[in-house]
Structure formats: structure tokens, C-alpha cells
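Residues per chain are reported as follows:
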Amino acid sequence: YYPRVLYIDIDIHHGDGVQEAFYTTDRVMTVSFHKYDGEYFPGTGDLNEIGCGLGKYFCVNVPLKDGVDDDSYVTLFKDVMTQVNERYKPSTVVLQCGADSLGLDRLGAFNLSIRAHGECVRFIKSWGLPLLVLGGGGYTIQNVARCWTYETSILVDAELPDEIPANSRWLPVFMPDFKLHPDLVRKMDNQNTKNDLGRIKTTISEQLRYLEGAPSVQMQEIPGGLQEFLEKIEEEAKDANEENNSDVRVSRRPLINID
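Everything quoted here is computed from the prediction, not taken from an experiment.

S.K.: Looking at this structure, I do not really get the packing of aromatic side chains. What am I missing?
M.R.: Describing an aromatic ring pair means giving the distance of the ring centres and the angle of the ring planes. Across all of its chains, the model carries 7 aromatic pairs by this definition. When the centroid spacing of 6.0 Å and the interplanar angle of 50 degrees are considered together, the rings of F33 and Y73 count as tilted. Of the two residues, F33 is situated in strand 2 (residues 28–35) and Y73 in helix 2 (residues 70–88); the sequence distance between them amounts to 40 residues. One exposure class covers both F33 and Y73, and it is buried. Plain terms: the ring middles of Y57 and Y210 are 4.6 Å apart, the flat faces sit at 10 degrees to each other, and that makes the pair stacked. Taken as a pair, Y57 in the loop between strand 2 and strand 3 (59–64) and Y210 in the loop between helix 5 (194–209) and helix 6 (226–251) lie far apart in primary sequence, 153 residues in all. Through successive ring pairs, a cluster of aromatic residues spans F33, Y73, F77, F110, F123 and W127.

S.K.: Quick question: what am I supposed to make of the pattern of salt bridges here?
M.R.: If the charged atoms of two oppositely charged side chains come close together, the side chains can form a pair. Applying the stated rule across the entire model yields 9 salt bridges. The residue K65 makes a salt bridge to D196 at a minimum N-O spacing of 3.2 Å. With K65 in the loop between strand 3 and helix 2 and D196 in helix 5, this residue pair connects regions lying 131 residues apart in the sequence. One salt bridge connects K78 with E119, and the closest N-O pair in it is separated by 3.0 Å. Here K78, found in helix 2, pairs with E119, found in helix 3 (residues 114–125); they are 41 residues apart in sequence, far enough to count as distant. Look at K78 and you get partly exposed, because its relative accessible area is 26%. A residue is classified by how much of its surface remains accessible, and E119, at 23% relative accessible area, is partly exposed. Salt bridges sharing common partners tie together K78, E119 and R122.

Analysis parameters
- Residues numbered from 1 in each chain as written.
- Predicted model: local features only at pLDDT ≥ 70, side-chain atom pairs only at ≥ 80, totals over all residues.
- Heavy atoms only, no water.
- Phe/Tyr/Trp six-rings, centres within 6.5 Å; stacked < 30°, edge-to-face > 60°.
- Helix = DSSP H or I, 4+ residues; strand = E, 2+ residues; numbered from the N terminus.
- Buried < 20%, exposed > 50% of the residue type's maximum accessible area, 1.4 Å probe, protein only.
- Salt bridge = Lys/Arg side-chain N within 4 Å of Asp/Glu carboxyl O.

Nothing here speaks to function; it is geometry throughout.
Structure representation (C-alpha cells):
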């Protein structure tokens, strides 16, 4: 239905599965912001992973180190995604919002607040393109709930108070602050220097220059939709069921004595 799909992943882990699925096509461009040191799961997502064949340069990776903070992350995210939008000109966007990139996540190593995480969602929403937003990882459950509640509010243009409602069934889970936006900064230095972030931005800018405009889409026969397929299966099952019932009725007919 859409000639060019942009997939964006802000989970702390590299989006290796989606990247691999579309590594050789220009119909889907993948962009992943994640922790990378060559060992952190899944161990992939270096800057030099850029796609191959028709998909060369349609795969963007943003490898980051421990402790990245709000300003560094959001600034880099907006810079990179603005360039991607201008070069690729996506028809629609899929945004995966894994909450394990938040500060204080049990498996994560970033220092992002819920507001910064949500700002990435707000920025992509501002493009005005068809947008599918997904969950993802997240291992400090109360902060996962906070994050995706806040980001849902952004998507539906709703304002939420910072206080967790007193009548919430799960209020004790959000002790001791009972806030939507608690302080999530851990005692960890931001290991991403300005030089590191500048190098990442420059490398990606050079990569995107090779796109030379949005890819064209070959004319081809598009297979029928899912509804048509399901209706066909249902009709075949109905015919088979009627045939089986007919055989049963024939076998159960009483014998007629013609004497």
C-alpha cells in the first residue's frame, strides 16, 4: 500500500531483525538508535552496516555509548531523522518505542527521561505522515507503563497531569513519588563525547548523500488484500464442510425394502 516505509527503532538494543529482513531493498529504510560496543546484545548495529544490493545506503545505524543524556540524544535524533526524511521521503513510518532506553532500566544503560523519549515520538508525529507506533523492550515495569502512557497521550493530543491518579488500582507500584515523570538519571557519566556524536552525524550525512533522492517503485502486480484471502479460505472451508455433511447424510439414509 505504501511505496516507501521508514522503520525507526529507539529501543536500547539494535533492531537487528527488522534490519536483516529489509537489508537488500530500498522499499523499507531502517534507522536504529541503540547501545553498541560490539558485545552488548545483539552485538550488531555498527555505523558500517548500511545495507547491500538495492538496499545499500537504506540502512542507518546510530551506535551510542553508556550514559547518553536527554540533550545529546534528542538533538542527534532530530538531526539524523530530518536528513532521513528529506532524502528518503517516506510514505509512512513505523516507530518502535522500546522503553529500555530510559534511565534506570534494569538492562539499559542510558540516562533518558520519559519526556525526552516522548519528544522523539512528538517529532516524528509532527511530520504528518501515516504513523504506526509500537512498544518494545523495557525491564523496569513501572517506567514502561509511565513511558507508553505519556507517548499515547502525545499521539492523541491529550494533556496528562504529572500526578498518578489516587484511585489507580496500581498506585503502590509508583512509590515513592507517584509521578508520571520521575527523575530517571542514574549516577553514570555520559560517555558520548561531542566528538563522538559529531562523527556519527557526519558519517550518516555522508551515507545519506548517496541516496540522491527518493527511490522509485517498480510497477508490479500487487497481490490481493488479506480480507480477500481470508474470504477465499472461509469459502473453501464452507464447501468442504458441506461436502462432508452430504456424505454423512447419504450414508445415514434408511434402506428401502422393494419387495
